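# Residue-level structural notes
Listed below are the residues making up each chain.
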Amino acid sequence: DSSVLFFFPYMCLLSLLKTIESNWRCGRHSLQRIHCRSETSKGVYCLQYDDQKIVSGLRDNTIKVRMLHHGILMAWSAYAINNSVLISVTPTQSLVSNPSLLVWDVNAGEMLNTLIHHCEAVLHLRFNNGMMVTCSKDRSIAVWDMASPTDITLRRVLVGHRAAVNVVDFDDKYIVSASGDRTIKVWNTSTCEFVRTLNGHKRGIACLQYRDRLVVSGSSDNTIR
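Residues numbered from 1 in each chain as written. Predicted model: local features only at pLDDT ≥ 70, side-chain atom pairs only at ≥ 80, totals over all residues. Heavy atoms only, no water.

For Thr-114, the position within the fold is in strand 8 (residues 110-116). Exposure remark for Thr-114: the relative accessible area of 36% places this residue in the partly exposed category. Along the chain, Thr-114 and Ser-100 lie 14 residues apart, while their C-alpha atoms are 6.9 Å from each other. Every residue in contact with Thr-114, bar those within four places of it in the chain, is listed here: Ser-100, Leu-101 and Leu-102. (Helix = DSSP H or I, 4+ residues; strand = E, 2+ residues; numbered from the N terminus. Buried < 20%, exposed > 50% of the residue type's maximum accessible area, 1.4 Å probe, protein only. Contact = heavy atoms within 4.5 Å.)

Printed below as a string of structure tokens:
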């Protein structure tokens, strides 16, 4: 039954969130404070992590990478860029965006590529398995093919939102985008053709995640759908 398949990921997610909340409330956790500020830091803008590292983007125009070794935090590495940062990370690459996109080698700390397409700030990006999707304040979504960190080409520009596109997510079937225009749009990953619009929020959508057949969105109307 397709309804059961749709319901199952949601129940797993709900169960996991309840376990995390219970562990936090009951003190079943170990807490370690990470100081990643610099002398001129204006706060942490964004952060991602995996089993090997924590990567943070700071408002002082730097990226800081801290490696993990058996759960123990090692020394920070810091990289300076020209604007506030948005990060998306794989084990070997990091992408940083302002109006342009910078591709870095995480291990060597070297900038490998600069991509210029959007005419206003890039607000979010995802990349996986040779494909990257970016979205911007300029109301557009760009789909990129990534043959290598130095060989990245623009495949298609998706236009349809009437306000800044705040967040994107995708898998091998669909690209899902959310905007300040209060809508979520679904696009075919292979053809980049528009599929449908999802309505329901009364104000702009700030965040979104898409897994399997489940889309979860959070809005300035103080609701999650």
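Now for the sheet that holds strand 9 (residues 122-128). The strands that make up a sheet are held in pairs by hydrogen bonds between backbone atoms, and each pair lies either parallel or antiparallel. Strand order in the open sheet formed by four strands is 9-10-11-12, and the pairing between neighbours is antiparallel. Looking along the sheet, the strands with just one partner apiece sit at the ends: strand 9 and strand 12 (151-159). Along the sheet, successive strands turn relative to each other by an average axial angle of 20°, direction set aside. Relative to strand 11 (residues 140-148), strand 10 (residues 131-136) is paired through five bridges, and the arrangement is antiparallel. The partner of Thr-134 across the bridge, within strand 11, is Ala-142. (Pairing = 2+ DSSP bridges. Axes fitted to C-alpha atoms, helices over the stretch in contact; angles between N-to-C directions.)

Turning next to the nonpolar core. If you look at the biggest cluster of nonpolar residues, it comprises twelve residues: Met-131, Val-133, Cys-135, Ile-141, Val-143, Leu-158, Val-165, Val-168, Phe-170, Ile-175, Trp-187 and Cys-192. For this core, the secondary structure elements donating two or more residues are strand 10, strand 11 and strand 13 (165-170). In this structure, Met-131 is in contact with Arg-126, Val-143, Trp-144, Met-146, Arg-155, Phe-170, Ile-175 and Thr-189, ignoring residues within four places of it in sequence. Counting eleven residues, the second largest nonpolar core, distinct from the first, contains Val-122, Leu-125, Ala-142 and Ile-152. (Core = buried A, V, L, I, M, F, W, Y, C linked by side-chain atoms within 4.5 Å.)

To continue, consider the UniProt feature "repeat: WD" (unreviewed entry) in the protein chain. As recorded in UniProt, the sites labelled "repeat: WD" (unreviewed entry) are residues 115-154, 158-197 and 198-225. Between the C-alpha atoms that bound residues 158-197 there is a distance of 13 Å. The span itself is 0% helix and 57% strand. Note that residues 198-225 is 0% helix and 50% strand, and that its end C-alpha atoms are spaced 11 Å apart. (UniProt positions renumbered as here; feature names shortened; annotations may be inferred.)

In this section: the side chain of Asp-169. Within the fold, Asp-169 resides in strand 13. The class for Asp-169 is buried, based on a relative accessible area of 4%. Separated by 2.9 Å, the side chains of Asp-169 and Arg-211 make a polar contact. (Polar contact = N/O pair within 3.5 Å; in protein donor to acceptor, adjacent residues only side chain to side chain.)

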